[in-house]
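Listed here are the chains, written in short residue letters.
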Amino acid sequence: MTVKCPTCKKEVEFGAHDFPFCSERCRLLDIGRWADEEYRIPAVSPPFELQPNEPAQGGGTQDDE
Ligand SMILES: [Zn+2]
C-alpha cells in the first residue's frame, strides 16, 4: 500500500520511516508550512486601510456636466 507524500506527491510506502512523507525533508517542509499558516493569522485585527475605493453614492451633487 502506498500513499502520496503530502509535500511532493511522491508515492510513499506504508510504514516508511517518515510515513506519510517520503522523507524527513518533506515532513519538515509540511510542518513548516502549517507553522507559516499559523503565523499569518494576525493576533489582532488589522487596520482597515485596504477598503475598496468605492465612490460615495446618493449625494446628488454632480458637477461633471
Ligand atoms: Zn515528499
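Since the model is a prediction, treat every value here as computed from it, not as a measurement.

1. What to know about the overall build of the chain
Move 1: What the chain contains, in helices and strands, is 1 helix and 2 strands.
Move 2: Ordered by position from N to C terminus, the α and β elements of the chain give β-β-α.
Move 3: Looking at the chain as a whole, 6% of its 65 residues qualify as buried.
Move 4: In the chain, of all internal contacts separated by at least 6 residues, the share reaching a separation of at least 24 is 3%.

2. Describing the confidence of the model for the chain
The predicted structure's coordinates, where accompanied by low pLDDT, should not be read in detail.
Move 1: Across the chain, pLDDT averages 82, with 74% of residues at or above 70.
Move 2: Put simply, helix α1 (residues 24-40) is where the chain has its lowest mean pLDDT, 85, and strand β2 (residues 11-13) is where it has its highest, 95.

3. Regarding unusual backbone geometry
Move 1: Residue Pro20 is reached from Phe19 by a cis peptide bond, and omega for that bond is 0°.
Move 2: With respect to the helices, strands and loops of the structure, Pro20 is situated in the loop between β2 and α1.
Move 3: At Lys9, a residue that is not glycine, the phi angle is positive and equals roughly 65°.
Move 4: Along the chain, Lys9 falls in the loop between β1 (2-4) and β2.

4. Digging into the environment of Phe21
Move 1: Among the secondary structure elements, Phe21 is positioned in the loop between β2 and α1.
Move 2: Residue Phe21 is classed as buried on the basis of its 22 C-beta neighbours within 10 Å.
Move 3: For the pair Phe21 and Val3, spaced 18 residues apart in sequence, the C-alpha separation works out to 8.7 Å.
Move 4: Discounting residues that sit within four places of it in the chain, Phe21 has contacts with Cys5, Pro6, Thr7, Val12, Cys26, Arg27 and Asp30.

Procedures and definitions
Residues numbered from 1 in each chain as written. Predicted model: local features only at pLDDT ≥ 70, side-chain atom pairs only at ≥ 80, totals over all residues. Helix = DSSP H or I, 4+ residues; strand = E, 2+ residues; numbered from the N terminus. Buried ≥ 20, exposed ≤ 12 C-beta atoms within 10 Å, placed from the backbone. Contact = placed C-beta atoms within 7 Å. pLDDT = per-residue confidence, 0-100.

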